[in-house]
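Structure assessment
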Amino acid sequence: MPEIAAATPMMRQYLEVKARYPDALLFFRLGDFYELFFDDAIRASEALQITLTARSKGDDKVPMCGVPHHAARGYVARLLEQGFKVAICDQVEEPGKSAIVKREVTRVVTPGMVLDEQVLDPRESSFLGAVALGEAGGGLALLDATTGELRCGEVGDDGRLADELRRAGVRELLLEREAAASERGQALARAVGAPVAAREPADFERAEEKLRRRTGVATLQGFGVEGLPLGLAAAAAAVAYLEDTQRSDAVHVDRISRLPVDGVLLLDEATRANLELERTLSGAKRKGSLLGLLDRAVTGPGARRLAEWLRYPLLDVAAIDARLDAVEELCGSAVLREGLAEALKAVGDLARVVSRLALRQGSGRDLRALCQALLALPRLDEELSRARSALLRQAGEGTRGLEALAALLDRAVAEEPPAGIQEGGIIRRGFSEELDRIVSVAEDGKGTIARLEAKEKERTGIGSLKVRYNRVFGYYLEVTRPNLHLVPPDYQRRQTTVGGERFVTPELKEFEELVLGAEEKRFALEARLFEDLRAAVLGQAGAIRTAAGAAADADALLSLGRVAAERGYARPVVDGSEVLEIVDGRHPVVEALLPADSGGFVPNDLSVASAGEGESAASLLIITGPNMAGKSTAMRQAACIALLAQMGSFVPARRARVGLVDRIFTRVGASDDLARGRSTFMVEMTETAAIVHNATRRSLVVLDEIGRGTSTFDGLSIAWAVAEHLHDRTGCRTLFATHYHELQDLARERPRVRNLTVAVREVQDRVVFLRKLVQGGASRSYGIEVAKLAGVPAEILARAREILRNLEALEVDEGGHAALARGGKRRPAPPPAAQLGLFAAGDPRLEALRRELQQLDVDALRPLDALNLLSDWKKRLS
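The structure contained in this document is the topic of the report that follows.

Calculation criteria
- Residues numbered from 1 in each chain as written.
- Predicted model: local features only at pLDDT ≥ 70, side-chain atom pairs only at ≥ 80, totals over all residues.
- Heavy atoms only, no water.
- Pairing = 2+ DSSP bridges.
- Helix = DSSP H or I, 4+ residues; strand = E, 2+ residues; numbered from the N terminus.
- Contact = heavy atoms within 4.5 Å.
- Axes fitted to C-alpha atoms, helices over the stretch in contact; angles between N-to-C directions.
- Salt bridge = Lys/Arg side-chain N within 4 Å of Asp/Glu carboxyl O.
- Buried < 20%, exposed > 50% of the residue type's maximum accessible area, 1.4 Å probe, protein only.
- Expected span 1.5 Å × (residues − 1).
- Polar contact = N/O pair within 3.5 Å; in protein donor to acceptor, adjacent residues only side chain to side chain.
- Disulfide = S-S within 2.5 Å.
- Arc of directions from axis to C-beta.

Some words on the sheet that holds strand β10 (residues 172-176)
As summarised here, the arrangement of the six strands in space is β11-β10-β7-β8-β9-β12, forming an open sheet in which the pairing is mixed. Only two strands of the sheet have a single neighbouring strand rather than two, namely β11 (196-199) and β12 (257-258). Across seven bridges, strand β7 (residues 127-133) lies against strand β8 (residues 138-144) in antiparallel orientation. The residue bridging Leu128 from the neighbouring strand is Leu143, located in β8. Packed on one face of the sheet, helix α8 (residues 229-246) meets β7, β8, β9 (149-155), β10 and β11 and runs near 35° to β8.

Quick word on the sheet that holds strand β20 (residues 604-609)
Ordered by their spatial adjacency, four strands build an open sheet running β18-β22-β19-β20, and the pairing between neighbours is mixed. Looking at strand neighbours, the two that pair on one side only are β18 (573-575) and β20, the edges of this open sheet. Neighbour-to-neighbour, the strand axes of the sheet open up by a mean angle of 10°, direction not taken into account. Looking at chain direction, β18 and strand β22 (residues 655-659) are connected through three bridges and run parallel. Bridge pairing in β22 places Val573 opposite Arg657.

Considerations on the pattern of salt bridges
The tally for this structure, following the rule as stated, stands at 65 salt bridges. Arg493 serves as the salt-bridge partner of Glu501, at 2.3 Å between the closest nitrogen and oxygen. Among the residues examined, Glu501 registers a relative accessible area of 10% and is labelled buried. Overall, the relative accessible area of 54% leaves Arg493 in the exposed class. Residues participating in the shared-partner salt-bridge network are Glu149, Arg151, Arg305, Glu308 and Asp553.

Considerations on unusual backbone geometry
Unusually for a residue other than glycine, Glu276 sits at a positive phi of about 50°. Tracing the backbone shows Glu276 in the loop between α9 (269-274) and α10 (290-294).

Notes on helix α12 (residues 317-332)
The first and last C-alpha atoms of α12 sit 22 Å apart over 16 residues, in line with the 22 Å expected at 1.5 Å per residue. Within α12, the full set of buried residues consists of Ile320, Arg323, Leu324, Ala326, Val327, Glu329 and Leu330. Looking at the packing, one finds that the buried side of α12 touches α11 (300-311), α13 (334-345), α16 (390-397), α22 (541-567), β18 and α24 (631-646). Between the side-chain oxygen of the N-cap and the backbone nitrogen of Ala318 there are 2.9 Å, and the N-cap of α12 in question is Asp316.

Observations concerning the environment of Ala414
Examined against the element boundaries, Ala414 turns out to sit in the loop between α17 (403-412) and α18 (433-443). Setting aside its immediate chain neighbours within four residues, Ala414 contacts Arg368, Gly425, Ile426, Ile427 and Arg428.

A few points about the pairing of strand β26 (residues 753-763)
Where strand β21 (residues 620-624) and β26 come together, five bridges link them in parallel fashion. Directly across from Leu620, in β26, lies its bridge partner Val753. Where β26 meets strand β27 (residues 766-775), seven bridges bridge the pair, whose relative direction is antiparallel. For Arg761, the partnering residue across the bridge sits in β27 and is Val768.

Re the state of the cysteines
Applying the stated criterion across every chain yields a total of zero disulfides. Cys331 takes part in no disulfide bond, and the closest cysteine sulfur to it belongs to Cys640, at a distance of 19 Å. Considering cysteine sulfurs only, Cys732 is the nearest to Cys640, which forms no disulfide, with 18 Å between them. Relative accessible area serves as the criterion here: at 1%, Cys640 is assigned to the buried category.

Section: the side chain of Arg522
Within the element layout of this structure, Arg522 appears in helix α21 (residues 518-539). Overall, Arg522 belongs to the buried group, its relative accessible area being 10%. The contacts of Arg522, once residues within four sequence positions are left out, are Gly424, Gly425, Leu435, Ile438, Val439 and Glu443.

Here's the deal with helix α6 (residues 183-192)
Turning to α6, its buried residues number three or more, namely Gly185, Leu188, Ala189, Ala191 and Val192. What you see down the axis of α6 is that its buried residues fit within an arc of 165°, all on one side. In this structure, α6 carries Glu183 and Arg190 as exposed residues pointing more than 90 degrees from its buried face. Residues of α6 that are buried in the fold lie against β7, α4 (158-168), β10, α5 (177-181) and β11. Just downstream of α6 lies Gly193, where phi reads positive at about 75°.

With respect to the environment of Pro122
Topologically, Pro122 is positioned in the loop between β6 (103-109) and β7. Pro122 sits in the partly exposed class, given a relative accessible area of 43%. Each C-alpha atom, one on Pro122 and one on Glu852, is 82 Å from the other, the two residues being 730 residues apart in sequence. In contact with Pro122, other than residues within four places in its own chain, are Gly300, Pro301, Arg304, Asp349 and Arg352.

Okay, here's the thing in structure tokens:
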């Protein structure tokens, strides 16, 4: 970049602004374009695939590119997806008022600070995650700038920090500058997988004082966040970042709540991915996930609340039952469901509208949208007041108290206001007499002149009187000489002409002032009235957020009620036991995705209980069966049913009893993690280690194919040892699917182990999967039959069957080759080298030993007998 002093005035202005935002791409407004220069232009042109040009030539050549200002939103969104920050530098005065137009950065758009409704997904939260590291673990805060929601909490280790941040799906990670540069901070950033913003230590200091001032309270105890110094430090830094990037006070952040890091069912990253709670494993799509199935919410806030409930299932039986009561009522009443859905449609996204207004990014359309939403709240309250369940009635009560604000906005805001606040037309006719006069003059100047002229003709009796205008005198009344005697005394003479005289009146002077400055005055007055209305809205921001939360709760409950009614789900019994009993359970997503002609999902029963339920209860279920028979589906559906029950949803089963589960662990599937340098087996063992270290007796553990990423004996040994540990030490509810059929012998060794298998039927040369869990074990995995279904060539299948027979025979051929290779094409073995025989010819002792060995029945030989024989032979030979 050139020296600032040597640059042109405009480029000097650019360089001064850019120096304050070195880590952001600077969108610099020039006329109808946002321009980027120097390195910003090169990086943006590559990221956006737009043309890179140059300003000036030769040594003064300046790389540049630009995007139209009206299309900037889309380009900014694409840059954010690639991890860039964008500083928006706008013109803040009209051109021509000074030698160079004044420009300022009006906001900085980062991945965690997106407020544009055209970029945001209305059904997903947009959290910034801030972290204040402690000696171990630390404090974290989640801030959704689009709604003003702020939560904070503390955890005891960095693994939990990463888990909580990933659970919330943070878009950006905020760390103190020194922490961000440390190895520990970088490891946390890699684990979270979000871009990092480094901030000064001052943002994390005096946190409680800053948050008290922001929320307008004398103490934070009422929010339940006392005793969280690191959590509050992270929260204060998050708010500071919001205000810094948006160049505005975060007045909509008027409360703070405790992040539920305890007291909820915990789900680690592996479990959320393996159960496909919010995204599918294939393609990371919402459709095909559990949330995609459950989300029948009418509004965006309802969908976001539903996702929150899925991320944080409850551990309080009373709270779970309260949700189940509401879902049961909605499930049983189509009239209530439809009435509530219609009422919710008009409510929209109250919280995000208020946030845009609070951060001075709202428009007249936001005011009208807010007005329509507030006007719809009484009907929503009416629908909810008809319900019997406590949660639905409480939601209705939370929507009250905003009728006066709704009436004010309805009187003040036009039905169809423009997109900008500088275009006029925001305020409804009749709200302000002063504005009505100005608008009337601005929009109907000729008509006003004609009316004034007719009025003066009638008053004076001068039929030839005219209202005229020129640039020197402005507006005036022209009277001919023959009529000068009729001029009234309030006329003020301005000029004498050959044919008569020119006059003005106080009314005409006022009209002139109105006309000549009407547009400017109109915009200024509308802007002032808009600010008054914005202030009125922000004065009720707390009540609006409460109403928005109540509507979101009602919508999330409605969504669960709709799914339960449409899919035939049943109300689960949730209690304090350590039992999981499911009758005719189904996998919710698999069932929904089955084609109509598939014959339907085959339901399964399952019963498992922890060691606390007694020796007769099965705490470890060993599930065997063929590939593709449905083992993984059966286990995952059990985990999904437990999770659904504890989030307060009905479940896909005829009957279910769910004793509270504190954590769900899953070790399912095989995949490597190249980004973190971990092999498939390393990923598998890391997840297994997390389970054995953290599972409690109240946990639910789902294990699928432990140990298959290494050698058979190593894998079997690890699988057996893990199963023993979970049975003997942890005593938790465990579902263990395996192709190691040897694990079925655990049922003989341990009292609380039961064997289950997925039934199959062999019909001629093909296998029919019955998808039904039955008591007992499997002896075959039918892998070759599955390979046939997948389209593996026939010659490979035939060779595989031959090798399988050899393996099952466990033979070695006469040339010393592995039996599994017999029958395949290989180079002939060279003749064996001469070597001494095991039995020397002519030695009667060895001949007797040979005969004994030939006659020995190895299969009937007990270990002790074998040892005795060896001892005897040794004595005879010596």
